[in-house]
Amino acid sequence: MKLRKIIDFLREGNKVKVTMRFRGREMAHQDLGLNVLMRIRDDVEEVGKIEQFPRTEGRLMTMVLTTK
């Protein structure tokens, strides 16, 4: 559902900010979160591209996508 919404927003010409929140022990497995964000990037490759690569700020990992 969320991936479909990301694609819809990108097709309308909007930017999308994808945020992952890590809680507790999840902080030790940030590489898994990065893999999820890279999978999203690959799934929306035909419609959009990365404007801001994934970066970690405290417990949040964010990535910004924009239209091609």
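Residues numbered from 1 in each chain as written. Predicted model: local features only at pLDDT ≥ 70, side-chain atom pairs only at ≥ 80, totals over all residues. Heavy atoms only, no water.

Enquirer: Can you help me understand the sheet that holds strand E1 (residues 16–21) in this one?
Expert: Within a sheet, each strand pairs with its neighbour through backbone hydrogen bonds, oriented either parallel or antiparallel. Spatially, three strands are ordered E1-E3-E2 in an open sheet, and the strand pairing comes out antiparallel. Since the sheet does not close on itself, it has two edges, and those belong to E1 and strand E2 (48–57), each with one partner. When strand polarity is set aside, the average angle formed by the axes of neighbouring strands in this sheet is 15°. Sheet topology places E1 next to strand E3 (residues 60–67); six bridges connect them, and they run antiparallel. Across the sheet, residue Met-20 finds its bridge partner in E3, namely Met-61. Where helix H2 (residues 30–43) meets the sheet, its contacts fall on E1, E2 and E3, and the angle it forms with E3 comes to roughly 10°. (Pairing = 2+ DSSP bridges. Helix = DSSP H or I, 4+ residues; strand = E, 2+ residues; numbered from the N terminus. Axes fitted to C-alpha atoms, helices over the stretch in contact; angles between N-to-C directions. Contact = heavy atoms within 4.5 Å.)

Enquirer: Help me understand the nonpolar core in this model?
Expert: A general trend in soluble globular proteins is that nonpolar side chains are found buried together. Counting 15 residues, the largest nonpolar core has Ile-6, Leu-10, Val-18, Ile-40, Met-63 and Leu-65 as the members making the most contacts within it. Those residues within four positions of Met-63 in sequence are excluded, and the remaining contacts are Val-16, Lys-17, Val-18, Leu-37, Met-38, Ile-40, Ile-50, Gln-52 and Pro-54. (Core = buried A, V, L, I, M, F, W, Y, C linked by side-chain atoms within 4.5 Å. Buried < 20%, exposed > 50% of the residue type's maximum accessible area, 1.4 Å probe, protein only.)

Enquirer: Sorry, what's going on with H2 here?
Expert: Because an α-helix packs 3.6 residues into every turn, residues spaced three or four apart end up facing the same way. Over its 14 residues, H2 runs 20 Å from end to end, which matches the ideal 20 Å to within 8%, given 1.5 Å per residue. Taken as a whole, H2 has its buried residues at Gly-33, Leu-37, Met-38 and Ile-40. Each buried residue of H2 lies within a common arc of 155° when the element is viewed along its axis, so the set occupies one face. Turned more than 90 degrees off the buried face of H2, the exposed positions are Asn-35 and Arg-39. Those residues of H2 that are buried lie in contact with helix H1 (2–11), E1, E2 and E3. (Expected span 1.5 Å × (residues − 1). Arc of directions from axis to C-beta.)

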